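Examining the three-dimensional arrangement
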Amino acid sequence: MKTIVFDTGETLVRDDRHWASWADWLGVPRHTVSALVGAAVAQGRDCTDALRVLRPGMDVGEAGHARAAAGRGEYLDETDLYPDVRPVLAELRTLGLRIVVAGDGTVRAGELLRALDLPADLVVTSQEWGAAKPDPEFFARVLEVSGAEPEATLYVGDHPANDLFPAKSSGLRAAHIRRGPYGHWWADHPDVVEAADWRVGALTELPALLGGTGRRKALAAPSARPAPAVESTPPGEEPDPLPAGTADLPEEAAGPPEETAEEPAPPGPSRA
């Protein structure tokens, strides 16, 4: 492996602040937004649908602009990073690997991320590129900045439909991280298990895994899926199209689905 590319939201950055700020802006309890986001994740839908339950027909992008105009726009600081981010990125660089941070986000999100001075060779967002995940153009740009062959470039992310599947379709290697609601809820789906070159529970596992050879799949599956929790896309991200034929999100947050003989499809387009 020559280059490691990291997703941002719920891979490097905790999205607690993001959803809490939306709850405050809409004037609802933070737990309400958290629960509705969990319901959307469990249904394989885009998590911003939680906001449209609270405000039907809401244009999330326009609402984001209104928040910024009111002085309540995007914000990011060191406390928003997962604690393993800075030491692991630094360790991977000492191994001679090129480190790129590339995820969905606004121009402002890119500025905030670069201001953190992460141990990375490049930090960029989808809006700066003009292409958002899971668009193949985004991963074409990943390969352009990688400076390495696709098979020598690893993309690390939590979201099956936005990170794992399109990275693999573009010829990259992929590591799925069990982090954030999407990462936890869909971690043991057969398509995720099959697609991932590596499956990790923390970034701290990457240096040892990448020091080995061949294709390895870490982490045994737990006996049951955990309940959904707060999840989001990086700050300011525009919503992805919903999977075809998806029912409307209920107004009450749904709990974990009952166990059935058939596994649900992972979020986003089918891989059939």
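First, a word on what this report is: a plain description of the structure on this page. (Residues numbered from 1 in each chain as written. Predicted model: local features only at pLDDT ≥ 70, side-chain atom pairs only at ≥ 80, totals over all residues. Heavy atoms only, no water.)

**Some points on the pattern of salt bridges**
Side chains that differ in sign of charge can pair as their charged atoms come close. Short version of the rule: Basic side-chain nitrogens of Lys or Arg form a salt bridge, by our definition, when they fall within 4 Å of a carboxyl oxygen of Asp or Glu. Numbered from the N terminus, helices here are DSSP runs of H or I no shorter than four residues, and strands are runs of E no shorter than two. Burial here depends on accessible area, computed with a 1.4 Å probe over protein chains only, as a share of the maximum for the residue type. Under 20% is buried, over 50% is exposed, and the range in between is partly exposed.
As enumerated under the stated definition, the model contains 19 salt bridges in all. Across the pair Asp 84 and Arg 179 runs a salt bridge whose closest N-O atoms are separated by 2.6 Å. Taken together, the positions of Asp 84 in the loop between helix H4 (60–69) and helix H5 (85–94) and Arg 179 in the loop between strand S5 (173–177) and helix H10 (180–185) put the pair 95 residues apart, joining distant regions of the chain. Per residue, the accessibility class of Asp 84 equals that of Arg 179, and both read buried. Here Arg 141 makes a salt bridge to Glu 144, at a shortest N to O gap of 3.3 Å. Note that Arg 141 and Glu 144 are positioned in helix H8 (residues 136–146) at a spacing of three residues, about one turn of the helix. Among the ionic contacts, a cluster of salt bridges with common partners joins Asp 7, Lys 133 and Asp 163.

**Describing unusual backbone geometry**
Each neighbour pair has its own omega, and for Lys 133 with Pro 134 the value is 5°, a cis peptide bond. By secondary structure assignment, the location of Pro 134 is in the loop between helix H7 (126–129) and H8. Positive phi is not limited to glycine here, since Glu 10 has a value of about 60°. Positionally, Glu 10 belongs in the loop between strand S1 (3–6) and helix H1 (16–26). The backbone of Asp 117 sits at a positive phi, close to 55°, despite the residue not being glycine.

**Here we look at the nonpolar core**
Defined as follows: We define the nonpolar core as a collection of buried residues of types Ala, Val, Leu, Ile, Met, Phe, Trp, Tyr and Cys that are connected through side-chain atoms lying within 4.5 Å of one another.
Of all hydrophobic cores here, the largest spans 30 residues; its most connected members are Ile 4, Phe 6, Leu 12, Val 85, Ile 99, Val 156 and Leu 203. Of all elements in the fold, only S1, H5, strand S2 (98–103), helix H6 (107–115), strand S4 (153–157), S5, strand S6 (198–200) and helix H12 (206–210) reach the threshold of two or more residues within this core. Ranked by residues supplied to this core, first place goes to H5 with four residues. One finds Leu 26, Val 33, Met 58 and Tyr 182 within the second-largest nonpolar core, a separate group that totals 21 residues.

**Notes on the environment of Thr 8**
Along the polypeptide, Thr 8 turns up in the loop between S1 and H1. Under the relative-accessibility criterion, Thr 8 is labelled buried at 3%. For the pair Thr 8 and Leu 81, spaced 73 residues apart in sequence, the C-alpha separation works out to 9.5 Å.

**Looking at the packing of aromatic side chains**
For clarity, the threshold we go by: Only centres within 6.5 Å qualify two rings of Phe, Tyr or Trp (six-membered ring in Trp) as a pair; their planes then separate them into stacked at under 30 degrees, edge-to-face at over 60, and tilted for everything else.
If you walk through the whole model with that rule in mind, you get three aromatic pairs. Considering the side-chain rings of Trp 129 and Phe 138, the 5.2 Å spacing of their centres and the 65° angle between planes classify their relative orientation as edge-to-face. Residues Trp 129 and Phe 138 agree in their burial class; the two are buried. Measuring from centroid to centroid gives 5.4 Å for Phe 139 and Tyr 155, while their planes differ by 70°, and the two rings are edge-to-face.

**Notes on the pairing of S1**
On a regular strand, each side chain points to the face opposite its neighbour's, so the side chains alternate between the two faces of the sheet. Just so we agree on the cut-off: Strands are labelled as partners when DSSP assigns at least two bridges between them.
Along S1, one buried face is formed by Thr 3 and Val 5 and the opposite face, lined by Ile 4 and Phe 6, is buried too. With four bridges connecting them, S1 and S2 associate as parallel partners. Pairing of Ile 4 across the sheet is with Ile 99, part of S2. Sheet topology places S1 next to S4; four bridges connect them, and they run parallel. Note on S4: the bridge partner recorded for Val 5 is Tyr 155.

**Describing helix H2 (residues 30–42)**
What counts here: A helix's residues, less one, multiplied by 1.5 Å, set its expected span. Contact criterion: two residues are considered in contact whenever any of their non-hydrogen atoms come within 4.5 Å of each other.
Look at H2: 19 Å from first C-alpha to last across 13 residues, which is about the 18 Å you get at 1.5 Å a residue. Turning to H2, the residues buried within the fold contact H1, helix H3 (49–54) and H10. Looking one or two residues beyond H2, the residue adopting positive phi is Gly 44, at roughly 75°.

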